[in-house]
Amino acid sequence: NAGVTQTPKFQVLKTGQSMTLQCAQDMNHEYMSWYRQDPGMGLRLIHYSVGAGITDQGEVPNGYNVSRSTTEDFPLRLLSAAPSQTSVYFCASRRDRRSTDTQYFGPGTRLTVL
Amino acid sequence: KQEVTQIPAALSVPEGENLVLNCSFTDSAIYNLQWFRQDPGKGLTSLLLIQSSQREQTSGRLNASLDKSSGRSTLYIAASQPGDSATYLCAVSSPQGGSEKLVFGKGTKLTVNP
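Here we summarise the structure given alongside this text. (Residues numbered from 1 in each chain as written. Chains lettered and ligands numbered in written order. Predicted model: local features only at pLDDT ≥ 70, side-chain atom pairs only at ≥ 80, totals over all residues. Heavy atoms only, no water.)

**Things to note about the overall build of chain A**
Along its length, chain A carries 0 helices and 11 strands. Start at the N end of chain A and walk to the C end: the helices and strands fall as β-β-β-β-β-β-β-β-β-β-β. A globule of 114 residues ought to have a C-alpha radius of gyration of about 13 Å, and chain A, at 13 Å, matches this closely. Once the C-alpha set of chain A is aligned to its principal axes, its extents read approximately 40 × 30 × 25 Å. Within the span of chain A, comprising 114 residues, buried residues form 48% of the whole. Here the analysis covers contacts within chain A between residues at least 6 apart in sequence; of these, 54% occur between residues at least 24 apart. When the accessible surface of chain A is totalled, it reaches about 5,300 Å², and 49% of it is carbon and sulfur. Across chain A, 11 positive and 9 negative side-chain charges occur, with their mean positions spaced 7 Å apart. (Helix = DSSP H or I, 4+ residues; strand = E, 2+ residues; numbered from the N terminus. Rg over C-alpha atoms; globule rule 2.2 N^0.38 Å. Buried < 20%, exposed > 50% of the residue type's maximum accessible area, 1.4 Å probe, protein only. Contact = heavy atoms within 4.5 Å. Areas by Shrake-Rupley, 256 points an atom, 1.4 Å probe, with all protein chains shown as cover. Lys, Arg positive; Asp, Glu negative; His and termini not counted. Charge placed at Lys NZ, Arg CZ, Asp CG, Glu CD.)

**Some thoughts on the interface of chain B and chain A**
Size of an interface, as often reported, equals the accessible area lost when the parts are brought together. Tallying the contact residues gives 22 residues for chain B and 21 residues for chain A. Counting each side, the surface lost to burial between chain B and chain A is near 1,600 Å², with a carbon and sulfur contribution of 49%. When the buried surface of chain B facing chain A is broken down by residue, Leu-44, Glu-100 and Phe-104 of chain B rank first, second and third, together holding 28% of it. Summed over the shared surface of chain B and chain A, the number is 1 salt bridge. Glu-59 of chain A is the salt-bridge partner of Lys-101 of chain B, the closest N and O atoms lying 4.0 Å from each other. Taken together, the elements giving at least two residues each to the side of chain B that touches chain A come down to β4 (32-38), β5 (44-51), β9 (86-96) and β10 (99-104) of chain B. The greatest single-element share of the side of chain B that touches chain A, amounting to 5 residues, is contributed by β10 of chain B. Per-class residue counts for the side of chain B that touches chain A are 7 nonpolar, 11 polar and 4 charged. (Buried area = accessible area lost by both parts, 1.4 Å probe. Salt bridge = Lys/Arg side-chain N within 4 Å of Asp/Glu carboxyl O. Nonpolar A, V, L, I, M, F, W, Y, C, P; charged D, E, K, R; others polar.)

**Thoughts on the sheet that holds strand β8 (residues 76-78) of chain A**
Residue and element names in this part refer to chain A. Strands sit in the order β1-β3-β8-β7 across an open sheet of 4 strands; the sheet is antiparallel. Each of the sheet's edge strands pairs with one partner strand only, and the pair in question is β1 (4-7) and β7 (64-66). Between one strand axis and the next, the sheet turns by 20° as a mean value, whatever way the strands run. The pairing of β7 with β8 spans 3 bridges and is antiparallel. Residue pairing across strands places Val-66 opposite Leu-76, the latter belonging to β8. (Pairing = 2+ DSSP bridges. Axes fitted to C-alpha atoms, helices over the stretch in contact; angles between N-to-C directions.)

**Regarding the environment of Ile-30 of chain B**
All names here are of chain B. As for its placement among the helices and strands, Ile-30 is situated in the loop between β3 (19-25) and β4. Residue Ile-30 is classed as buried on the basis of its relative accessible area, which comes to 6%. In this structure, the C-alpha to C-alpha distance between Ile-30 and Leu-62, residues 32 residues apart in sequence, is 22 Å. Sequence-distant contacts of Ile-30, defined by excluding residues within four places in its chain, comprise Gln-2, Phe-25, Ser-52, Leu-66, Lys-68, Val-92, Ser-93 and Ser-94.

**Here's the deal with the packing of aromatic side chains**
All names here are of chain A. A complete count under the given rule lists 7 aromatic pairs over all chains for this structure. Seen in terms of ring centroids, Tyr-31 and Tyr-48 are 5.8 Å apart; in terms of plane orientation they differ by 20°. Their pairing is stacked. One end of the pair, Tyr-31, is in strand β4 (residues 31-38); the other, Tyr-48, is in strand β5 (residues 42-51), with 17 residues separating them in the sequence. As far as the burial class goes, Tyr-31 and Tyr-48 line up, both buried. (Phe/Tyr/Trp six-rings, centres within 6.5 Å; stacked < 30°, edge-to-face > 60°.)

Any link to function would need more than the numbers given here.
Okay, structure coming up:
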């Protein structure tokens, strides 16, 4: 198993550009989520999905869109990038929405918005 | 609102020393508590997960305890090694609006000196 994979590893955008951060998992996990990690702020939940076709907002959803057309993939879209979105983005998955399961994290995408 | 605090923010110890990392949380209504390890530029790796009904979990040289009533958890690392150098994150799973939310602390950066 590759686990949770994320692409790209690094990205530089200009303000106003759009892009999609890719996330995939090969563990047949139902629950997937996106976090951002900022210095001094810890990890904060952006969006999550409890299964294909079902998504919901987390703590900091503004400026981001998600969709979940398959169990494996959970892309994160930035429609119009802003400098405040400069961060490290992590995708995570776990078997299902039951809170007793361990979460598996991807290696992260470092995004800089100029 | 659940808040998670980790003390100290940074810790430097000589190789071989036993050490304790602390995590506190404000709301005792939790599903579980997890300890993660994060290496520089990498994702998070789950170390230990303690269910709300449990008092401790052990894995190798690591032992995590949970005192839900006082809102505290500790991660004990025995016979520390330079390879243990990393940032250690505590995360609490709590109910929120019929769902579940994982709230992270800001981490303790551990340096083990040879």
